[in-house]
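# Inside the fold
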Amino acid sequence: MAACIGKISFAHLIKIQSINICNRSPLLHCQRCVQTAGVTDVTQVKNRKPIIFPKKKKRDELTVLKCLAATVQRDSTAPDYMFIDDPHLYPVIANEKKIYTLAKSSGRKAARYFVDRLPGIFSTNMFKEEASVPGIPELMPKKIKYEHFDPSETALIERIDMRNVRDAIDMYNEIQDQGIVNVRDAIDMYNEIQDQELELSQETKISLLNLLAYYNSIDPPEEKTPEDMRYLFEKRSFNKTWKDNGPAVKVFNDLNEKTSEAYCAMIRGMTKYLEVEKAFELYEEMKGKGLQAEVDVRTYNGLIDVMRQYPADQEEQWTIIMGLLQSMKESGVQPNVQTFMSVLHFLKGVMTRFREQKVYFVLNEMKAINIEPTLGIYANLLQLIYNDHSRNPEHPFLPQLMDYIQGKDFDLTSKDDIHFFVAAMKVCDIYLHDKDLAFKVDALLHSKDNYKFMIDFFAESTYCNIFLTLICQFEHIDKVMEVYHRLTPNVWSPTFSVYYDILGAIDLYDAYHYLPALWSGKYAYHYLPALWSDFIVFRIITGPKHAQLMIPFFQLVSKKKHPEELQQKFVDTILWVINRWEENIQLNGSFVLTSGVLVGELIKVSLNANEVDLAWKILMMYTKHKRRFTEQISEEAVTMLLDEFIKEKDLDKTTMCLKLMSTESFPSLTKYKKQLRELDMTDLEKVVTS
């Protein structure tokens, strides 16, 4: 029966009422079983194509883990993996995150240093291959020693091949730091061989020339860890650093035959270290010797990339670029993504009128040779199309691009790739003012493995600032706070400008005590008390400059009376401020309570909560330490407090308020003269008229 079912279509299988068991070969059709099933068209069954099972696909060791990881999303409530430690030590401030990350990187470097230099001081079983399953070669100490010490070509090749070795050689006079290429050893060995008149092969000389030209005849910097790359980034230098008479030039001049490989190595080195004019001189020399057809794509890319430093006007520079691209076409050299990236880098530095005509030329050329743009290409295009001098600042390029790349996964191919999401979010905010498009950009960032492009802390911080600023202007406060809590504090520490925008959005939507849909439960979620908690956690209100954020916060709180539960939270906030201020007074320090405007807002909030005694305490602190305050207390706060004392007919406190109003020259003092006479409070007339 099983054999017959494998040969009958699914539609026929539905009609089967009963199937007789058949023991015939599975390769033969059982006509009796087909007829029993009510199938009359045996030819149709015989003509069916056989089932072809797919070949087994090879999987790596991480396939199962990758599948499991694809089923979950990033937990915004959990700290970054690099910060996993004691919960009390989680960094939340940007500066603390930087210190924590770089300290962790420094510790890892120190551990690697001692493991590589002194492996014998550790347990002998720690660094055996069977200690970890599967073995991790990167964790093993580097045990690399030279096998050849006498000057010879073999010894030189050995030192050239060790350019990626981090080990230092005890037998040499200068010990290299970890990750340093042994360029200096190779140079010394080359000089010794030359002194002894030992003949080197052309291939060895070219290998040495490639090494020296790439590193400019000096030891390269220490390899950066992922933590270093996140916080310590190098800006591109536009100053020439090429060594004019360095060892690379000497090796090049010592060549018996200057081949195309030697020329290309020198040109790549010169363009990398901005020896522009000599690089083009060597290129022209190659053309004169008929070696132009042997120039590789990396050499062309280097020449195009430094065109902005070439001494010529923009029209002539563009003509030279076109000539280089034409030479690539004639020589059969296929341009790559970096070729067009170099062209876009050139266009970013030229006049707006000139580059607007060339941007689409680059796109058309990439399309003609079937090169798929990377995020780095898109980032440069966004910076070229959208700018302050653009004739069409609302260009539809980004909306169309997001529809095309939405949901795709990209590879990190160049440094420009990490700038795409920041550039796209800037366009959404500055030029298009489109919150829906901004959410599309954010969805692309968090889809698949695209968050790997946020390797730069400053790019991540800029992206979050722009995103929150944009949606605060155009999105409902519930959505704003949802995004805010998704990003803070584990991903991003907000800036002052973002908090100003959030407070403005709360004021706009009157969202003092909302119960958003994303928080379920019987307790309402209060936006302002939650923001105040974040102010304390992020230490926003512990410095004189940061105090300016408290004024708009309490101005928003004091605008009206709130429900009792919420009003009590604001009173607790005022008590926290007063207690910290008193502690700093005792320590002769400075605190945020240095503005008379802020004191007035605290008094109004206290009176809204019927905390008259607290308001009076705040006023007395102001009068006692008046010299510490930089601004005058608001007249509205004093008059609100005075009204309370007049109502209670408290003579002493009313007198103090009237004296303060007279000292501050408040215009409302005249109004209170008449009011006091009507109340027959004759004892205060002298205070009023004095």
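The paragraphs below set out a description of the structure included in this document.

How each quantity is defined
Residues numbered from 1 in each chain as written. Predicted model: local features only at pLDDT ≥ 70, side-chain atom pairs only at ≥ 80, totals over all residues. Heavy atoms only, no water. Helix = DSSP H or I, 4+ residues; strand = E, 2+ residues; numbered from the N terminus. Buried < 20%, exposed > 50% of the residue type's maximum accessible area, 1.4 Å probe, protein only. Contact = heavy atoms within 4.5 Å. Areas by Shrake-Rupley, 256 points an atom, 1.4 Å probe, with all protein chains shown as cover. Polar contact = N/O pair within 3.5 Å; in protein donor to acceptor, adjacent residues only side chain to side chain. Expected span 1.5 Å × (residues − 1). Phe/Tyr/Trp six-rings, centres within 6.5 Å; stacked < 30°, edge-to-face > 60°. Lys NZ or Arg CZ within 6 Å of the ring centre and 35° of its normal. Core = buried A, V, L, I, M, F, W, Y, C linked by side-chain atoms within 4.5 Å. Patch = residues over 30% accessible without salt bridge, like charges linked within 9 Å, V, L, I, M, F, W, Y side chains within 5 Å. Salt bridge = Lys/Arg side-chain N within 4 Å of Asp/Glu carboxyl O.

Further remarks concern the overall build of the protein. Scanning the protein from N- to C-terminus turns up 34 helices and zero strands. Buried residues in the protein amount to 46% of all 690 residues. Considering only contacts within the protein whose residues lie at least 6 apart along the sequence, 68% involve residues at least 24 apart. Approximately 38200 Å² of the protein is accessible, and the part contributed by carbon and sulfur atoms is 52%.

With that settled, consider the side chain of Thr225. Note on placement: Thr225 falls in the loop between helix H9 (202-215) and helix H10 (226-231). A relative accessible area of 13% places Thr225 in the buried class. Here Ser105 takes part through its side chain, which lies 2.8 Å from a polar atom of the side chain of Thr225. In this view, Thr225 contacts Ser105 and Lys109; residues no more than four positions away in its chain are not counted.

This part is about helix H32 (residues 651-664). Taking 1.5 Å of rise per residue, the 14 residues of H32 would be expected to cover 20 Å, and the 20 Å separating its terminal C-alpha atoms lies within 8% of that figure. Among all positions of H32, only Thr654, Thr655, Cys657, Leu658, Leu660, Met661 and Glu664 are buried. At the N-terminal boundary of H32, the capping side chain belongs to Asp650, with an oxygen 3.4 Å from the backbone nitrogen of Asp652. Positioned one or two residues after H32, Ser665 has a phi angle of 60 degrees, which is positive.

Using the criterion set out here, one finds 28 aromatic pairs in the structure. With 6.0 Å between their ring centres and 65 degrees between their planes, Tyr484 and Tyr499 make a pair best called edge-to-face. With Tyr484 in helix H24 (residues 477-487) and Tyr499 in helix H25 (residues 496-509), this residue pair connects regions lying 15 residues apart in the sequence. Neither Tyr484 nor Tyr499 differs from the other in exposure class; each is buried. When the ring of Trp532 is compared with that of Phe535, the centres are 6.1 Å apart and the planes differ by 70 degrees; the resulting orientation is edge-to-face. Within this pair, Trp532 and its partner Phe535 are both found in helix H26 (residues 527-537), separated by three residues, close to a single helical turn. Within the aromatic cluster, the residues linked to one another by ring pairs are Tyr484, Tyr499, Trp532, Phe535, Phe553, Phe554 and Trp576. Taking the ring centre of Phe252 as reference, the NZ or CZ of Lys258 above it sits at 5.3 Å. It is Lys272 that lies over the ring of Tyr214; its NZ or CZ is 3.6 Å from the centre.

Residue Pro489 is bonded to the preceding Thr488 through a cis peptide linkage, with omega at -5 degrees. Looking at where Pro489 falls in the secondary structure, it is placed in the loop between H24 and H25. Of note in this structure, Asp510 is not a glycine but carries a positive phi near 55 degrees. Tracing the backbone through its elements, the reader meets Asp510 in the loop between H25 and H26. A residue is classified by how much of its surface remains accessible, and Asp510, at 40% relative accessible area, is partly exposed. At Arg539, a residue that is not glycine, the phi angle is positive and equals roughly 55 degrees.

Take the nonpolar core next. Leu398, Phe420, Phe421, Ile502, Leu528, Leu531 and Phe554 are the most contacted members of the largest nonpolar core, which has 167 residues in total. By residue number, the principal contributor to this core is helix H21 (residues 420-432), which donates ten residues. Those residues in contact with Leu398 that sit more than four places away from it in its chain are Leu382, Tyr386, Ala424, Val427, Cys428, Leu432 and Leu437.

Turning our attention to a nonpolar patch on the surface. Together, Leu62, Val64, Leu65 and Leu68 make up a nonpolar patch on the protein surface, roughly 410 Å² of accessible area in all. By relative accessible area, Leu68 is classed as exposed at 54%.

Enumeration according to the criterion identifies 22 salt bridges in this entry. Among the salt bridges present, the one from Glu96 reaches Arg539, with a minimum N-O distance of 3.0 Å. Taken as a pair, Glu96 in helix H6 (residues 94-117) and Arg539 in the loop between H26 and helix H27 (550-557) lie far apart in primary sequence, 443 residues in all. Since its relative accessible area comes to 25%, Glu96 is described here as partly exposed. In this structure Arg539 comes out as partly exposed when scored by relative accessible area, which is 46%. For the salt bridge of Lys604 with Glu636, the shortest nitrogen-to-oxygen distance reads 3.2 Å. Pair noted here: Lys604 is in helix H29 (residues 596-608) and Glu636 is in helix H31 (residues 635-648), with a separation of 32 residues, a long-range link. What emerges from the salt-bridge pattern is a single network uniting Lys240, Asp244, Glu275 and Lys278.

Interpretation in functional terms is not warranted from these geometric data alone.
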